[in-house]
Amino acid sequence: MTHASTRSFAQADTENFYQSDSVNIEKVSFPNLYKMKVGANLFLPMGMKAGERRPAVIVGHPMGAVKEQSANLYAAKLAERGFVTLSLDLSFWGESEGEPRNAVSPDIYAEDFSAAVDYLGTRGFIDRERIGVIGICGSGSFAVSAAKIDPRLKAIATVSMYDMGAANRDGLGHALSLEQRKQILAEAAEQRYVEFSGGPVKYTGGSVHELTESSTPVEREFYEFYRTPRGEVIPQGADPLTTTHPTLTSNVKFMNFYPFNDMETISPRPMLFIAGENAHSREFSEDAYKRAAEPKELLIVPGAGHVDLYDRTSLIPFDKLEAFFNENLK
């Protein structure tokens, strides 16, 4: 028996599939450093003049999601405010290349953001000195990782950020013991033998497919977005049973991912961390804020949870994002 709530996606302010009348959208693609095609949507404000060069903002989707989930909404809303924006699918997900599908590679994920800068910075209508980035959920940690080694990203904002390294090493609220971590690593290592020998791929994590009496609040929160009409998307060519689920054998790559180490080196480029007051992920934005050097800002959105900032437009601080990028992409 399922106990799916219709509360969230029935609310008028959940607009994951928002369509703007004042923005043109083009499907584009470009290679990353490893010659893998990155699929993306380019959002162009109407009324752009010939020869004009605009600032641009790259938008990364939540971990395990695709650009049609949250990233397109942010890209459309900021394009309405005058920015050229680009929402991208991370490699191994959505319309981007990469095999096996749903594989985890933090280095390649970060590279995809730099590849997006390559693409935008070679467009005649973009001022390559004014390119910023927004990373939502897991993409927040990938955008930070990219910005540490790519000074072309001039302003960095994260929303409901997950440190995907810490989340996998320690669990939420540091609930994962060292023994549990070692058990996960052992299971993934044994699974490598299975898949090397031609056996079935095993998946992990992601959002649950049905709710039960024992479902946790976090499971319910993600279910309401990923498994209901509020935000459900089946990526091109994907199996709905594997949507949002990374492969077990590759997911342990996150154990070696430390995106916040040395993040003070991003300074003096500005950083903005946005998190919901009630978000289960708030600890990651607060940790990043402590580690970052000035200029930096932590914005806590009253009454908001983690997934609320994916698509609840009454809570997402678009005015703040517009002001942040206007100020820092001058």
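Nothing here was measured: the structure is a model prediction, and the numbers come from that model.

Peer 1: Any chance you could break down the side chain of N102 for me, citing the residues and the numbers?
Peer 2: Along the chain, N102 falls in the loop between strand 4 (84-88) and helix 3 (106-121). Excluding residues within four positions of it along the chain, N102 makes contact with F92, W93, Y203, T242, H245, P246, T247 and S250.

Peer 1: Tell me about the environment of E219, and please be specific about residues and values.
Peer 2: Assignment of secondary structure puts E219 in helix 7 (residues 217-226). Placed 163 residues apart in sequence, E219 and A56 show a C-alpha to C-alpha distance of 34 Å. When neighbours within four sequence positions are excluded, E219 is seen to be in contact with V208, L211 and S214.

Peer 1: Go over the packing of aromatic side chains, please, and point to the residues and values.
Peer 2: Geometrically, a pair of aromatic rings is defined through the distance of the ring centres and the angle of the planes. Under the definition given, this model contains 13 aromatic pairs. Summarising the aromatic geometry, the rings of F225 and Y310 are spaced 5.2 Å apart at their centres and angled 80° between planes, so their arrangement reads as edge-to-face. Here Y310 lies in helix 10 (residues 308-311) and F225 lies in helix 7, a separation of 85 residues in the sequence. Relative accessible area serves as the criterion here: at 0%, F225 is assigned to the buried category. Residue classification places Y310 among the buried positions, given a relative accessible area of 0%. On the numbers, 6.4 Å between centres and 75° between planes, the contact of Y226 with Y310 is edge-to-face. Here Y310 lies in helix 10 and Y226 lies in helix 7, a separation of 84 residues in the sequence. Just as Y226 is buried, Y310 falls in that class too. Above the plane of the ring of Y18 lies K77, whose end atom (NZ or CZ) is 3.9 Å from the centre. Just above the ring of Y289 sits the side chain of K296; from NZ or CZ to the centre is 4.6 Å.

Peer 1: Tell me about the pairing of strand 3 (residues 54-60), residues and numbers included.
Peer 2: Within strand 3, seven of the seven residues are buried, which leaves the element mostly enclosed by the surrounding structure. Examined bridge by bridge, strand 3 and strand 5 (residues 126-136) share six bridges and lie parallel to one another. Looking at strand 5, one finds that R54 is bridged to I126. Of the strand pairs in this sheet, strand 3 and strand 4 are connected by five bridges, and their pairing is parallel. Note on strand 4: the bridge partner recorded for A56 is V84. Running through helix 2 (residues 71-80), the crossover from strand 3 to the neighbouring parallel element strand 4 is right-handed.

Definitions and limits used
Residues numbered from 1 in each chain as written. Predicted model: local features only at pLDDT ≥ 70, side-chain atom pairs only at ≥ 80, totals over all residues. Heavy atoms only, no water. Helix = DSSP H or I, 4+ residues; strand = E, 2+ residues; numbered from the N terminus. Contact = heavy atoms within 4.5 Å. Phe/Tyr/Trp six-rings, centres within 6.5 Å; stacked < 30°, edge-to-face > 60°. Buried < 20%, exposed > 50% of the residue type's maximum accessible area, 1.4 Å probe, protein only. Lys NZ or Arg CZ within 6 Å of the ring centre and 35° of its normal. Pairing = 2+ DSSP bridges. Right-handed = clockwise from strand over helix to strand, strands pointing away.

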